[in-house]
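Inside the fold
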Amino acid sequence: NAGVTQTPKFQVLKTGQSMTLQCAQDMNHEYMSWYRQDPGMGLRLIHYSVGAGITDQGEVPNGYNVSRSTTEDFPLRLLSAAPSQTSVYFCASSYRSGTGGNTIYFGEGSWLTVV
Amino acid sequence: GENVGLHLPTLSVQEGDNSIINCAYSNSASDYFIWYKQESGKGPQFIIDIRSNMDKRQGQRVTVLLNKTVKHLSLQIAATQPGDSAVYFCAENDGGATNKLIFGTGTLLAVQP
């Protein structure tokens, strides 16, 4: 019963490097999203997807790309890492969008440090 | 812009007491609200939710109250236990096509044994 799985758990990057945070869910959820959480703050939406092949921007999309080629996977790409992207990243999924009230499940988080 | 915020950043209670965590929201169009618990080093965990057509909902040891008149949400935890120590977030979902959640900044609940 994996739920939402994120990898890696921890990562240190140098400024300018690129990397991909992986997210997979095994619940056949249509809706997936990425959030970042900074110290003393709530979660802010980066990108989201309402189904395979469909993605859209959230509140803080700059510097990140996403794709949704399958229902299960929703990777988040940092194109050229900056210190401002040091944060904890959470992937989330829910059964469907458009109706509201669907419980959103979160992964365990990926701690990213950009030096 | 619209946002969700919390009145109290920290709350310290004695084990066995009841806890009340408050949240203010400003988007009158929001129709669904959720409380999440986040333990150190983990992702947010769903606790309880409530729709805007309700003013109270109860779960196991938890109750959520919604006052739409003053745009206020609260989470009540009965007989607080050390395992309840965590950061609690309220979040609002406007029920639109994006299913986006807007989170408050969180309240740290510290349970003293």
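Since the structure is predicted, the reported quantities are computational estimates derived from the model, not experimental observations.

Bringing the overall build of chain A into the picture now. Assigned secondary structure in chain A consists of 0 helices and 11 strands. Listing each helix as α and each strand as β along chain A from the N terminus yields β-β-β-β-β-β-β-β-β-β-β. Buried residues in chain A amount to 48% of all 115 residues. In chain A, of all internal contacts separated by at least 6 residues, the share reaching a separation of at least 24 is 53%. Summing over all exposed atoms, chain A offers an accessible surface of approximately 5100 Å²; the carbon and sulfur share of this is 50%.

Glancing now at the packing of aromatic side chains. Across all of its chains, the model carries 12 aromatic pairs over all chains by this definition. Their ring planes at 85° and their centres at 6.2 Å tell us that B:Phe89 and B:Phe103 sit as a pair that is edge-to-face. Within this pair, whereas B:Phe89 is found in strand β9 (residues 86-93), its partner B:Phe103 is found in strand β10 (residues 101-103), the two being separated by 14 residues in sequence. Assigned by exposure class, B:Phe89 and B:Phe103 land together as buried. Sitting over the ring of A:Phe74, A:Arg68 keeps its end group 6.0 Å from the ring centre.

Low-pLDDT stretches of the model should not have their predicted coordinates read in fine detail. Residues at a pLDDT of 70 or more form 88% of chain B, whose mean pLDDT is 87. Within chain B, the element-level pLDDT minimum falls on strand β1 (residues 4-5) of chain B, averaging 48, and the maximum on strand β7 (residues 62-67) of chain B, averaging 97.

Attention now goes to the environment of B:Gly59. Residues and elements named next belong to chain B. By the secondary structure assignment, Gly-59 is in the loop between β6 (56-58) and β7. Overall, Gly-59 belongs to the partly exposed group, its relative accessible area being 38%. As a C-alpha pair, Gly-59 and Ile-47 span 12 residues in sequence and 8.5 Å in three-dimensional space.

Moving on, we come to the sheet that holds strand β1 (residues 4-7) of chain A. Residue and element names in this part refer to chain A. A sheet is described by the order of its strands in space; here 4 strands give the open sequence β1-β3-β8-β7, paired in antiparallel fashion. The sheet terminates laterally at β1 and β7 (64-66), the two strands that pair on one side only. Strand after strand, the sheet turns through a mean of 20° between neighbouring axes, direction not considered.

Let us now look at the state of the cysteines. Residue and element names in this part refer to chain B. By the definition in use, this model includes 2 disulfides over all chains. At a sulfur-sulfur separation of 1.8 Å, the disulfide partner of Cys-23 is Cys-90. Looking along the S-S bond of the Cys-23-Cys-90 disulfide, the torsion reads about 55°, which is the right-handed sense. Of the two residues, Cys-23 is situated in strand β3 (residues 19-25) and Cys-90 in strand β9; the sequence distance between them amounts to 67 residues. Here Cys-23 and Cys-90 have matching classes, each one buried.

Before going further, it helps to examine the pattern of salt bridges. Counting across every chain of the model gives 4 salt bridges over all chains. Residue A:Arg36 is joined to A:Asp38 by a salt bridge in which the shortest nitrogen-to-oxygen separation is 2.9 Å. Taken as a pair, A:Arg36 and A:Asp38 share a single burial class, namely buried. For B:Asp84, the salt bridge goes to B:Arg61, with nearest N and O atoms at 2.9 Å. Of this pair, B:Asp84 sits in the loop between β8 (72-77) and β9 while B:Arg61 sits in the loop between β6 and β7; the two residues are 23 residues apart in sequence, bridging distant segments of the chain. The exposure class of B:Arg61 is partly exposed, given its relative accessible area of 30%. Within this structure, A:Arg36, A:Asp38 and A:Arg44 form a network of salt bridges that share partners.

Definitions and limits used
Residues numbered from 1 in each chain as written. Chains lettered and ligands numbered in written order. Predicted model: local features only at pLDDT ≥ 70, side-chain atom pairs only at ≥ 80, totals over all residues. Heavy atoms only, no water. Helix = DSSP H or I, 4+ residues; strand = E, 2+ residues; numbered from the N terminus. Buried < 20%, exposed > 50% of the residue type's maximum accessible area, 1.4 Å probe, protein only. Contact = heavy atoms within 4.5 Å. Areas by Shrake-Rupley, 256 points an atom, 1.4 Å probe, with all protein chains shown as cover. Phe/Tyr/Trp six-rings, centres within 6.5 Å; stacked < 30°, edge-to-face > 60°. Lys NZ or Arg CZ within 6 Å of the ring centre and 35° of its normal. pLDDT = per-residue confidence, 0-100. Pairing = 2+ DSSP bridges. Axes fitted to C-alpha atoms, helices over the stretch in contact; angles between N-to-C directions. Disulfide = S-S within 2.5 Å. Salt bridge = Lys/Arg side-chain N within 4 Å of Asp/Glu carboxyl O.

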